Amino acid sequence: MGGINCFSLSTIWFKKHRAVDNPRPDHVRGDDNPPPDLTLVRNTLVYNQSVHNPISCCLLPAVITRVAKNRRRSKKKNLLDLPNDIIIDILIKLPAECVLRCQLASKHLEILAKTHFFIRTHLARATSIIGVQSLSQSTDRAIKFYFMDEQAKKVEESNLKLNFCYTDEWHPVMLYDSYDGFLLFKSKDNSSRSIFVIWNPTTEEQVTITMEGLYFQVCGFYFNPRNKEYEVLLQYWARGGDEKFGFDILSFGSKLRRNIGTYSYVPRSERPPTIINGTLYWMVDKILSRGEVNCSNSIMTFEIGTNKLSTMQHGGAPCEAGYNFGSIGYKHDYMHLIAMEGQLGLCVLLSYTEFVLCVLNPATNNWAKAHSVTLPEYTMPEYISCWPNELFVAEVLKIKDGKLLFRQQNRLLLWDLGLNTHKIIEKKGFENDNFRSVIHTPSLVFLDTDKLIQLDK
């Protein structure tokens, strides 16, 4: 993961130190060699497109470590003598894993790279990759992961060891979403006990939330810009006379939990919310909701700033009862929400090979048809089980610059909407696995909270 889109100081290394293979911090430079001057450092920081460069992420921390040791002995300016704004400008261009190593090499850099400004700015400039959980290779206490770019030029393996929970056959802990560098995991529907795991693969921070209570679970994870805290939205059955669902907000920084009221509708749990301009959007769960669900209220919303819950109409043509994919239901049972270039989008599955993409105009609050896609015919091999994936037909992951990334059963495809062509993304190491996937942005964000949070209704 750290090897994708890395910056390199290889010119410094080869010209001044002649080291080629397996550079290490204690072999950066002999004591008789002067530290690198600021002009050399600034002029030789170049972008390296190669993902196979072995020194791309380990060189800068090594140089910084040596510079710090020789700083008092040299009259010449070095990297740590640069103004803070220039150092920040250099670090902000590096991948998260490399910045983390720089923090370990210098206390000064650690302080600069842990400010709220640096973390948020670095996150906004980071490059996204694809994170995949192999359901076939995961166990009850360890989740098998693969990270790769959209071209699958490099695939890196990772393992998440669950610290405070384990999965079982009928309620496995599965990949749910990625948000601000955190991978989010959620146990499959369990009416009495729910598990929610937050994991940053870069910093290795892991937070586990366990919830005991009827239909008690996390339905959203987000950053609140007002109090600058990460929060989760909790839902549970209120058991009142009106049999509505209660909703609470848990803030990680202050560790405060507050109730925001009850509501007759609840979101579907198999997909995370789509977050657009401070609002969370889900498709409504028509089975658990206490009110009637139809086309006019099939989407549920939550405004972060006001804590207001409401519903709205979905896009596309009105739904009619009928057979869809071999089961009786409504068309919006096979809809899911997505982000489309900063706007709310809706994917409507029409058949096993066709879907329509609609986009919401925020000015008029009207939906418009954006694209129609006809997928290639594909039948998943019988020896591969779709369990526990529920959206086993097609799932849109990302739309950007006219490219559509989606999962079709057990394979990933990249679709060019302009040319109407596609290519299959090779899944090296898990070619025949059943999997769940997200678009992930590596970051340095941390929650700095308890590793285990136990909640009851």
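As shown above, the structure is provided for reference.
In this text the structure is predicted, and so the values were computed from the model without any measurement. (Residues numbered from 1 in each chain as written. Predicted model: local features only at pLDDT ≥ 70, side-chain atom pairs only at ≥ 80, totals over all residues. Heavy atoms only, no water.)

S.K.: Before we go on, may I ask you to explain helix 7 (residues 116–125) in this structure?
M.R.: Along an α-helix, a turn takes 3.6 residues, which lines up residues three or four apart on a common side. Among the residues of helix 7, those classed as buried are Phe118, Ile119, His122 and Leu123. Each buried residue of helix 7 lies within a common arc of 125° when the element is viewed along its axis, so the set occupies one face. Across from the buried face of helix 7, at angles greater than 90 degrees, the exposed residues are Phe117 and Ala124. (Buried < 20%, exposed > 50% of the residue type's maximum accessible area, 1.4 Å probe, protein only. Helix = DSSP H or I, 4+ residues; strand = E, 2+ residues; numbered from the N terminus. Arc of directions from axis to C-beta.)

S.K.: Please clarify how the environment of Val284 should be interpreted in this entry.
M.R.: In this fold, Val284 is placed in the loop between strand 15 (279–283) and strand 16 (299–303). Remark: the alpha-carbon pair of Val284 and Tyr265, spanning 19 residues in sequence, is separated by 6.8 Å. Setting aside its immediate chain neighbours within four residues, Val284 contacts Tyr265, Val266, Arg268, Ser289, Val293, Asn297, Ser298, Ile299 and Met300. (Contact = heavy atoms within 4.5 Å.)

S.K.: For this particular structure, what's the right way to read the sheet that holds strand 12 (residues 245–251)?
M.R.: Within a sheet, neighbouring strands are paired by backbone hydrogen bonds and run either parallel or antiparallel to one another. Ordered in space as 10-11-12-13, the four strands form an open sheet in which the pairing is antiparallel. At either end of the open sheet lies a strand with only one pairing partner, and these are strand 10 (217–224) and strand 13 (257–263). Adjacent strand axes in the sheet meet at a mean angle of 25°, parallel and antiparallel pairs treated alike. Alignment of strand 10 against strand 11 (residues 229–237), held across seven bridges, turns out to be antiparallel. Along strand 11, the bridge assignment pairs Gln217 with Gln235. (Pairing = 2+ DSSP bridges. Axes fitted to C-alpha atoms, helices over the stretch in contact; angles between N-to-C directions.)

S.K.: Sorry if this is basic, but what is going on with the environment of Phe182 here?
M.R.: Along the polypeptide, Phe182 turns up in strand 7 (residues 182–187). Phe182 sits in the buried class, given a relative accessible area of 1%. It is 7.4 Å that separates the C-alpha atoms of Phe182 and Pro201, two residues lying 19 residues apart in sequence. Contacts of Phe182, omitting those with residues within four sequence positions, involve Asp177, Ile198, Trp199, Asn200, Glu205, Phe221, Tyr230, His440, Val445, Phe446 and Leu447.

S.K.: In this structure, what is going on with the sheet that holds strand 28 (residues 435–440)? I would like to understand it.
M.R.: Reading across from one edge, 5-4-3-28 is the order of the four strands in this open sheet, with antiparallel pairing throughout. Whereas interior strands pair on both sides, the edge strands pair on one side only; in this sheet they are strand 5 (155–161) and strand 28. For this sheet, the mean inter-axis angle between neighbouring strands, taken without regard to orientation, is 25°. Both strand 3 (residues 129–134) and strand 28 contribute to a ladder of six bridges, which runs antiparallel. Within the sheet, the bridge partner assigned to Ile130 lies in strand 28 and is Ile439.

S.K.: So what exactly am I meant to see when it comes to the pairing of strand 13 here?
M.R.: Successive side chains on a regular strand alternate, one facing one side of the sheet and the next facing the other. Sheet topology places strand 12 next to strand 13; six bridges connect them, and they run antiparallel. Among the inter-strand pairings, Phe247 is bridged to a residue of strand 13, identified as Gly261. In textbook terms, the turn of a hairpin is the stretch between consecutive antiparallel strands, and for strand 12 and strand 13 this stretch comprises five residues, one of which, Lys255, has a positive phi near 60°.

S.K.: Help me understand the packing of aromatic side chains in this model?
M.R.: One pair of aromatic rings is described through two measures. These are the centre distance and the angle between the planes. Going through the model one piece at a time under the given rule, you end up with 20 aromatic pairs. Ring plane angle 50° and centroid distance 6.3 Å describe the contact between Phe406 and Trp415, whose orientation is recorded as tilted. The two residues Phe406 and Trp415 agree in class, both being buried. An aromatic cluster of three or more residues is present, and its members are Tyr179, Phe182, Phe221, Phe223, Tyr230 and Phe252. Across the ring face of Phe223, the terminal group of Arg120 is positioned such that the distance to the ring centre comes to 4.2 Å. (Phe/Tyr/Trp six-rings, centres within 6.5 Å; stacked < 30°, edge-to-face > 60°. Lys NZ or Arg CZ within 6 Å of the ring centre and 35° of its normal.)

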